[in-house]
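Here is what each chain is made of, one letter per residue.
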Amino acid sequence: MQPPNSPDETLPQPDFTNPDFQANPFPPLARLRRTGPLIRVVLTNGIEAWLITRYDEALQVLKDTRFRTQPPSSEGAVYNPSPIFRVLFFNTLVNAEPPRHTQLRALVSKAFTTRFIESMRPHIQEITDHLIDGVAPRGQMDLIEDFAFPLPITVIAEMLGVPAEDRTRIRAGSLALLEALSGGESPACIAKLEEFRAYLDLLIEHKRRDPRDDLISHLVQAEEGGVHLSEEEMVSMLALLIFAGHETTVNLIGNGMLALLTHPAQLEKLRQDPSLMTNALEEMLRYCGPAIGASPRYASEDIEVGGQLIRKGDAVLVSLAAANRDQAWFKQCETFDITRSDEGRHMAFGYGIHYCLGAPLARLEGHIAITTLLKRLPNLRLAVPPETLRWRGNPHLRGLCSLPVTF
């Protein structure tokens, strides 16, 4: 077992918030993966952490409940959020630990059932077709702004029971959460978060007085073993569902379509055989998934990972993007292949108890969206060189600012 080491200045230190890194993080991550299973890195805020880039070690950490989502003290925390961001984002499944995590997941699962999600299929198709109807006569669009963003934000708003006239408010709140998660808690951002919190309070109270057949009403009424969501947990849960309920799908659609458009042989193969869509979607999740990394973990005791001693309190960052291109698990790991049949399963949605609860919804939306785009816009192609595309600088999520296309 190797003792803890200091960051190696000879290794490239990844800046997860740099849009240039976001544009193509895979070569630097591959270099780090070849160096070893764990690399000591320094984050932009000066915090030191262990970066995991290999599949086996990523799996070990995400499955081991001794790696917790809450740091033992604020000094070693990867993030030191404002009080309002903590209220909105830190009382959810993402950060809760057993036994409360188990209770929260059971409560949300009662409302977020597979049957409920599947029942949305016809309406998701209807929304998808409506969006394409709106852009088809123009012969061009920004696939992010005109399609990939409005589709999931409309779906999650309708699932939650948010009135149509209020959707601009939840979009503003979600964008403020994204800014805060990127480390940009400006006074204006904090003010938007406060406004978002106030709106969610009003929405919850309205659903209490007048429950309907929607997700918020179900969450308000949900009970598991005599346990209900507290007021702060309810607010955090709604903020998470709104944010994660569309942000993951935006990036899945945008990144996935970019992969297809820059791999014409794969695109043609999918056009010729639409039955490959399910497999193609999983390859998109592996090859260019919506998340770069899982939320930070902290060792609750000394733990050995990959022959390296992780000390109690140490921060650990699992790179999902790197693990999904580990050649030990995926043959020709750098190749985009929609017919891939590797036994290894990608971890685009994480793993273990914090596996993304909304994964079935993201898959359903992604499948419908991309299938319909290819069917209805058969001449869809990039309108700009791929190297000119801009990427958002978020440390966890990888997504395009825009994706201009013509058809």
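The structure under discussion appears in the preceding block.
Residues numbered from 1 in each chain as written. Predicted model: local features only at pLDDT ≥ 70, side-chain atom pairs only at ≥ 80, totals over all residues. Heavy atoms only, no water.

## Details of unusual backbone geometry
The phi torsion of most residues other than glycine is negative, and most of the peptide bonds are trans. Put simply, the rule is: Segments assigned H or I by DSSP are reported as helices when at least four residues long, segments assigned E as strands when at least two residues long, and all are numbered from the N terminus. For every residue, the accessible area (1.4 Å probe, protein chains only) is compared with the maximum for its type, and the residue is labelled buried under 20%, exposed over 50%, or partly exposed between those bounds.
A cis amide bond links P98 with the next residue in sequence, P99, at an omega value of 5°. For Q332, which is not glycine, the phi torsion reads 45° and is therefore positive. Mapped onto the elements of the fold, Q332 is located in the loop between helix 16 (320-323) and helix 17 (359-376). Judged by its relative accessible area of 63%, Q332 falls in the exposed class.

## Let's talk about the packing of aromatic side chains
Quick reminder of the rule: Aromatic pairs are defined between Phe, Tyr and Trp rings, using the six-membered ring for Trp, whenever the two ring centres lie within 6.5 Å; interplanar angles under 30 degrees are classed as stacked, those over 60 as edge-to-face, and all others as tilted. Only when the NZ atom of a Lys or the CZ atom of an Arg is both within 6 Å of the ring centre and within 35 degrees of the ring normal do we say a charge sits over the ring.
Inspection of every chain in the model, using the stated rule, returns seven aromatic pairs. Between the aromatic rings of F16 and F21, the centroid separation amounts to 5.4 Å while the plane-to-plane angle is 85°, which identifies the pairing as edge-to-face. For F16, a relative accessible area of 10% translates into the label buried. Look at F21 and you get buried, because its relative accessible area is 10%. Ring geometry for Y55 and W329: centres 4.0 Å apart, planes at 25°, overall stacked. A residue pair is termed long-range when its members are at least 10 positions apart, and Y55 in helix 3 (residues 55-63) and W329 in the loop between helix 16 and helix 17 qualify at 274 residues. Residue Y55 is classed as buried on the basis of its relative accessible area, which comes to 3%. Residue classification places W329 among the partly exposed positions, given a relative accessible area of 30%. Ring pairing ties together the aromatic residues Y55, W329 and F330, which thus form one cluster. Between R325 and the ring centre of F26, over which it is positioned, the NZ or CZ distance is 3.5 Å.

## A few points about the sheet that holds strand 10 (residues 404-406)
To keep things clear, this is the line we draw: A pair of strands counts as paired when DSSP detects no fewer than two bridges linking them.
Spatial strand order, 4-10-9: three strands in an open sheet with antiparallel pairing. Strand pairing shows two members of the sheet lacking a second neighbour, strand 4 (140-142) and strand 9 (381-382), which therefore form its edges. The pairing of strand 4 with strand 10 spans three bridges and is classified as antiparallel. By the bridge assignment for strand 10, Q140 is matched with T406.

## Observations regarding helix 13 (residues 231-261)
Going by this rule: An expected span of 1.5 Å times one less than the residue number is assigned to each helix.
Given a rise of 1.5 Å per residue, 31 residues ought to cover 45 Å, and the 45 Å separating the end C-alpha atoms of helix 13 matches this to within 8%. With 28 of 31 residues buried, helix 13 is to be regarded as a mostly interior element.

## Topic: the pattern of salt bridges
Inclusion rule: In the sections that follow, a salt bridge refers to a side-chain nitrogen of Lys or Arg positioned within 4 Å of a carboxyl oxygen of Asp or Glu.
Taken as a whole and assessed by the stated rule, the structure comprises 23 salt bridges. One salt bridge connects R121 with E118, and the closest N-O pair in it is separated by 2.6 Å. Between D133 and R376 there is a salt bridge whose closest N-O contact spans 2.7 Å. Of this pair, D133 sits in helix 7 (residues 121-135) while R376 sits in helix 17, and the two are 243 residues apart along the sequence. Via salt bridges that share partners, R33, R325 and E334 belong to a single interconnected network.

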